[in-house]
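# Structural features, examined
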Amino acid sequence: MLDFSGLPFFDNHTHLIDVSNRTITMQEFISPFAHGYGDLLLPGTHFGDPVNAKPDSASEFYRQTIVANLGVVKTLVHYLSKLYGCAPDLDTVLEERNKRTIENAWSYTQTLYQEQTIIGEVVDSGLPMGDERLQCFPTPVYRLFQIDPLFTQALKSCDTYASLQNTLEQAVREALSEGFVGVKYHVLEKMTQLPHLVSAEQAQKQYDAARRGERLAIEEVYYAVFAHMLLLTQELNFPIHIHTGITGKTGHGLVHHYDPFYFCPMLNDDRYFRSHLVFLHCSYPNPRNVAVMANSYPNIWLDMAQVLPWAALNFSQILEEILGMAPHSKIMLGTGAHNHPEIIWMSAKIAKSALACATGRMVQSGLLSEQQAFETAEQVLYKNAQALYHITAN
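Summary of the structure given here. Not measured: the values here are computed from a predicted model. Every chain begins its residue count from 1, and numbering advances along the sequence as written. Selection of residues for local features in this predicted model requires a pLDDT of at least 70, selection of side-chain atom pairs for listing and counting requires 80 or more, and totals for whole chains, interfaces and linings are taken over all residues. Hydrogen atoms and water are omitted, and side-chain values are computed over all heavy atoms in the structure.

## Some details on unusual backbone geometry
Looking along the chain, the bond that leaves Tyr 284 and enters Pro 285 is cis, with omega of 10°. Under the DSSP-based scheme used, a helix requires at least four consecutive residues in state H or I and a strand at least two consecutive residues in state E, with every element numbered from the N terminus. The topology assignment puts Pro 285 in the loop between strand S6 (277–280) and helix H12 (287–296). Looking along the chain, the bond that leaves Leu 308 and enters Pro 309 is cis, with omega of 5°. Positionally, Pro 309 belongs in helix H13 (residues 307–310). Of note in this structure, Gln 306 is not a glycine but carries a positive phi near 75°. For Gln 306, the position within the fold is in strand S8 (residues 305–306).

The following block contains the structure:
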């Protein structure tokens with residue numbers, strides 16, 4: 001049986017966590033795992049509206065019968081019961097957790113990180129560099145620069161497309177100089193049109209209509225800037241992180257748009273062969289698609305955040321799908337965590353166990369040697385991310 005439990009874990013995609021000294025309710029404890037829609041309509045919303053997908057749009061019945069019975073929640077309860085030495089019961093585990101966080105949540109979080117040797121966090125947040133709220137992580141923090149909010153602001157303030165493009169480029173250059181390691185885009189979620197090439201000249205023709213709020217014109221301008229950013233990644237050597245797949249909510253309903261295959265027409269243009277892209281969330285529930293993209297294009301990496309740990313019970317099978325096609329040097333693991341440090345701790349445990357199961361089956365079948373399996377585990381758990389972000393290993 002292979003054992004990777006002692007290896008480091010690098011979290012390639014996370015959000016802020018709460019390390020304040022306090023107790024939390026059962027609703028707070030399990031709500032971060034409810035990535036689907038609740039069963040109560042908020043005022044002025046309808047099912048399918050992302051605004052409605054909030055903890056307070058779920059009844060107690062929904063939380064206890066749906067969320068508490070998710071595989072990932074069951075795994076969390078199991079893991080924490082082993083850590084605390086208590087019964088694998090949701091109420092008991094929460095009681096034991098609260099004993100520790102009310103006393104010293106920071107020390108408790110440090111213990112979790114140390115146990116799993118968590119060595120880095122790539123944080124997706126709109127906070128400025130150096131904000132004290134980023135100190136919630138007891139490990140080095142690396143930042144993604146969120147460009148979509150800036151695009152919306154610049155469209156209002158810039159009179160021409162050239163001015164908008166320059167504003168966004170200068171913002172990215174400044175962010176990288178401050179220490180940001182990549183740029184975050186929500187292309188497939190926000191655009192109703194599929195990715196396509198738009199020149200600066202075409203964008204200028206649509207610019208006045210875009211500033212008036214015409215949807216298709218805005219998208220043309222957006223894609224023109226995106227094409228420019230693909231060229232900028234080559235000059236400045238940074239990756240663009242793009243959400244792919246579905247990790248719970250179906251957003252505005254264009255779920256068939258979330259497939260990374262739709263980037264092929266752009267990426268087949270030889271101007272973008274050396275651009276740097278990271279496809280987040282591995283195109284779930286179709287992980288083979290993103291594995292093929294990483295195989296086909298030398299400039300594409302894939303990240304499995306939110307699939308890890310939400311697909312806890314079958315994560316090893318998903319890993320096998322990815323490892324079968326994608327270069328092992330292009331696969332990274334994130335958590336998509338928010339609120340609770342236990343999500344990151346649990347993700348590291350699941351990742352190491354799943355990698356051992358997946359590669360162990362390959363070794364048993366005579367497809368890999370044990371040494372090759374260990375090398376793959378090191379790459380996926382932390383070395384690929386260190387290479388992408390130019391992090392010097394300790």
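## Considering the environment of Ile 242
Its location among the elements puts Ile 242 in strand S5 (residues 240–243). Here the alpha-carbon distance between Ile 242 and Phe 10, two residues 232 residues apart in the chain, equals 19 Å.

## Side note on the packing of aromatic side chains
In this analysis, rings of Phe, Tyr and Trp, with Trp reduced to its six-membered ring, are considered paired at centre separations within 6.5 Å, and the interplanar angle assigns stacked below 30 degrees, edge-to-face beyond 60, and tilted for intermediate values. Per the stated rule, a full pass over the model turns up twelve aromatic pairs. Both rings, one in Tyr 185 and one in Tyr 222, keep their centres 5.7 Å apart while their planes meet at 85°; by these two values the pair is edge-to-face. A residue pair is termed long-range when its members are at least 10 positions apart, and Tyr 185 in strand S4 (residues 182–185) and Tyr 222 in helix H10 (residues 215–236) qualify at 37 residues. Judged by its relative accessible area of 2%, Tyr 222 falls in the buried class. One aromatic cluster is present, formed by Phe 151, Tyr 185, Tyr 222, Tyr 223, Phe 226, Phe 263 and Phe 279 through successive ring pairs. Just above the ring of Trp 301 sits the side chain of Lys 330; from NZ or CZ to the centre is 4.7 Å. Note on exposure labels: buried denotes an accessible area under 20% of the residue type's maximum, exposed denotes more than 50%, and partly exposed covers the range between, all computed with a 1.4 Å probe on protein chains only. Only lysine NZ and arginine CZ atoms are considered, and such an atom sits over a ring when it is within 6 Å of the ring centre and within 35 degrees of the ring normal.

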